[in-house]
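Architecture and fold: a report
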Amino acid sequence: LPASALAALLLLAGVVALHFAEPVVVPLLIALLLATVLGPMALWLQQKLQIRWSLACVIAVLGLVLVNVLLFVAFSASVTRVITRFSDEKKLIEIHNKLRANLKVLVPGGHLDPELFPENPQNVRELPLFQLIANEAGTILRWASYYSANWLWMVILVLFTTFFVLLEGKMLAKRVVAIFGPSAEVQNNATAVLFEMAAQVRTYLVWRTIINIGLALVMWIVFSIAGLQQALAWALLLAILNYIPYFGPVLAAIPPFLDSFVTNDHPVVPFVIMGFYWGIITVEGWLVVPLLMGRSMDLNATTVMLACMFWPLVWGPTGLFLAMPIMAGIKAILANVPELRVWADLMSSTEDDPRPPIILAAEIPNGKAHLDGAITADEPSRIEANPR
């Protein structure tokens, strides 16, 4: 087989292997990502408070558990309010009438299907949506129970894996570096690549989280002023879905838009809220993110879109959340391997000319030649010709 065909087959085999290994690979990958973020926290606890490394790792993981518990409590409170609200027959009819009135203003001619939107219903059994939910309640509960159990198991598995990765991180890093060979130069280069990848992923995750929290606070204020019933829930949903580039904010915009339709008396209000929403999202995407993230988000739009299409094919919705950290790590590796640097430049969003390859000292006869971007045997192990 030609080399290109063999490479394509190997790539396809790798994708298939990743897909079927999802129950093992995804928790491990999430744990590695979390460990890169929690590692500095555990190290700070060890150095500043003079506590054992194992206890520092436990505290770091417990902090992560506390954050997840707080998110769970906030969403649970919102779900409880929704269930309570929809269990009141008068409230349901009131919501239906308000939704119908707003749609009637927006629909040309004001004609609505009387079967879908009956006028002045006397009880909830006349509402088609209620009938649909009532008929499918058993299926909805089964699916909710199934996904909740899977999610709970995933969380437990990820937390334990994160703890052990943190606990044995230094030893595991040395073992990984040793795989590349006994040469000191090769191991130093492998260590540099490993630390660069961890730094890029950590920078992305930390700043993405900080930005998402700030964005959620701003939108919570906007939603609360607009009188939305679940303002906090929609703000938290945005903070979570905003880890997905492009698609996340679109998905997060649907619930508050629908909520505003059944909360406000005027149909123009939802569009005003969405105007504020997308204005803030635009400022966040075009100003805040490039300013704060820098190189960790140095990926062009084509690379981001391809990643958002590829990784969901491998791991479903989970792949959407992991797409950007994975691509940040891959780009960090490519940027630090001389033979693969052109691929890192291809993924980059900057308009700089591609950097010339790095020439190692071992590749220079007698170690005396001086070239642009090259080094000699008397100089450090390698230098970037055009560092960023």
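The rules behind the values
Residues numbered from 1 in each chain as written. Predicted model: local features only at pLDDT ≥ 70, side-chain atom pairs only at ≥ 80, totals over all residues. Heavy atoms only, no water. Helix = DSSP H or I, 4+ residues; strand = E, 2+ residues; numbered from the N terminus. Buried < 20%, exposed > 50% of the residue type's maximum accessible area, 1.4 Å probe, protein only. Contact = heavy atoms within 4.5 Å. Expected span 1.5 Å × (residues − 1). Bend = angle between axes of the 7 residues up to and from the residue. Axes fitted to C-alpha atoms, helices over the stretch in contact; angles between N-to-C directions. Parallel < 35°, antiparallel > 145°, perpendicular 65-115°, else oblique. Left-handed = near helix turned anticlockwise from the far one by under 90°. Salt bridge = Lys/Arg side-chain N within 4 Å of Asp/Glu carboxyl O. Patch = residues over 30% accessible without salt bridge, like charges linked within 9 Å, V, L, I, M, F, W, Y side chains within 5 Å. Areas by Shrake-Rupley, 256 points an atom, 1.4 Å probe, with all protein chains shown as cover. Phe/Tyr/Trp six-rings, centres within 6.5 Å; stacked < 30°, edge-to-face > 60°. Core = buried A, V, L, I, M, F, W, Y, C linked by side-chain atoms within 4.5 Å. pLDDT = per-residue confidence, 0-100.

Moving on: the overall build of the protein. A count of helical and extended segments in the protein gives 14 helices and zero strands. Put simply, the protein runs from its N terminus to its C terminus through helices and strands in the order α-α-α-α-α-α-α-α-α-α-α-α-α-α. Within the span of the protein, comprising 388 residues, buried residues form 35% of the whole. Long-range contacts, defined as pairs at least 24 residues apart, comprise 62% of the intrachain contacts of the protein with a sequence gap of at least 6.

As a further point, take unusual backbone geometry. A positive phi angle is found at Gln 50, which is not glycine, with a value near 55°. When you line up the elements, Gln 50 lands in the loop between α2 (22-49) and α3 (53-86). Residue classification places Gln 50 among the exposed residues on the basis of a relative accessible area of 65%. With a phi close to 50°, Asn 120 is a non-glycine residue in the positive phi region.

Attention now moves to α2. For α2, built from 28 residues, the straight-helix expectation of 40 Å at 1.5 Å per residue is met to within 8% by its first-to-last C-alpha distance of 38 Å. At Leu 38, α2 is deflected by roughly 40°, the largest bend along its length, and proline Pro 40 occurs up to four residues later in sequence. Along α2, the residues classified as buried are Val 26, Pro 27, Ala 31, Leu 33, Ala 35, Thr 36, Leu 38, Gly 39, Ala 42 and Leu 45. At the C-terminal side of α2, Gln 50 shows a positive phi close to 55°.

A few words on the packing of helix α8 (residues 184-225) against helix α9 (residues 231-241). Across the interface, α8 lies against α9 with an axial gap of 8 Å and an inter-helix angle of 155°. Accordingly, the angle class assigned to the pair α8 and α9 is roughly antiparallel. Seen along the crossing, α8 lies across α9 with a hand that is right-handed. Here Asn 212, Leu 215, Ala 216, Met 219, Trp 220, Phe 223 and Ser 224 of α8 lie close against α9, whose contacting residues are Ala 231, Leu 232, Trp 234, Ala 235, Leu 238 and Ala 239.

Quick look at the pattern of salt bridges now. Enumeration over the complete set of coordinates arrives at one salt bridge. Note that Glu 284 and Arg 208 form a salt bridge whose closest N and O atoms lie 2.3 Å from each other. In this pair, Glu 284 sits in helix α11 (residues 268-293) while Arg 208 sits in helix α8, placing the two residues 76 residues apart along the sequence. Taken as a pair, Glu 284 and Arg 208 share a single burial class, namely buried.

Let us now look at a nonpolar patch on the surface. The grouping of Val 69, Phe 72, Val 73, Trp 151, Leu 152, Trp 153, Ile 156, Phe 160 and Phe 164 at the surface amounts to a nonpolar patch, some 970 Å² of accessible area in total. At six residues, helix α6 (residues 137-167) tops the list of elements feeding residues into the nonpolar patch. Mapping Val 69 onto the fold places it in helix α3. The partly exposed category is assigned to Val 69, whose relative accessible area is 41%.

Within the element layout of this structure, Glu 22 appears in helix α2. The exposure class of Glu 22 is partly exposed, given its relative accessible area of 25%. A sequence separation of 293 residues divides Glu 22 from Trp 315, and the C-alpha atoms of the two residues are 6.6 Å apart. The contacts of Glu 22, once residues within four sequence positions are left out, are Pro 27, Val 314 and Trp 315.

One pass over the structure, following the stated rule, counts 10 aromatic pairs. Ring geometry for Phe 261 versus Phe 271: centroids 6.4 Å apart, planes at 75°, classification edge-to-face. Of this pair, Phe 261 sits in helix α10 (residues 247-263) while Phe 271 sits in helix α11, and the two are 10 residues apart along the sequence. On the basis of relative accessible area, Phe 261 is assigned to the buried category, the value being 6%. For Phe 271, a relative accessible area of 45% puts it in the partly exposed group. Pairwise contacts between aromatic rings join Trp 143, Tyr 146 and Tyr 147 into one cluster.

Right, let's get into the nonpolar core. Phe 223, Leu 238, Tyr 277, Trp 311 and Trp 315 are the most contacted members of the largest nonpolar core, which has 43 residues in total. The contacts of Trp 311, once residues within four sequence positions are left out, are Leu 18, Gly 316, Gly 319, Ala 323, Ile 326, Met 327 and Ile 330. Core analysis: the second largest hydrophobic core is formed by 14 residues, Trp 53, Ala 60, Leu 64 and Leu 166 among them.

Within the secondary structure layout, Lys 98 lies in helix α4 (residues 89-106). Classification of Lys 98 as buried rests on a relative accessible area of 19%. The contacts of Lys 98, once residues within four sequence positions are left out, are Phe 261, Val 262, Thr 263, Asn 264 and Asp 265.

For the rest of this paragraph, the subject is the confidence of the model for the protein. Residues with a pLDDT of 70 or more make up 89% of the protein, whose mean pLDDT is 81. Within the model, the stretch residues 357-388 combines pLDDT values under 50 with 57 contacts to residues more than four positions away or in other chains.

Along the polypeptide, Ala 335 turns up in helix α13 (residues 317-336). Overall, Ala 335 belongs to the buried group, its relative accessible area being 7%. In sequence terms Ala 335 and Ser 348 are 13 residues apart; their C-alpha atoms lie 9.9 Å from each other.

Before going further, it helps to spend a moment on the environment of Asn 242. Mapping Asn 242 onto the fold places it in the loop between α9 and α10. Assessed through its relative accessible area of 5%, Asn 242 is described here as buried. Along the sequence, Asn 242 and Leu 215 sit 27 residues apart, while their C-alpha atoms lie 9.2 Å from each other. Excluding residues that lie within four positions of it along the chain, Asn 242 makes contacts with Arg 208, Asn 212, Leu 215, Pro 249 and Glu 284.

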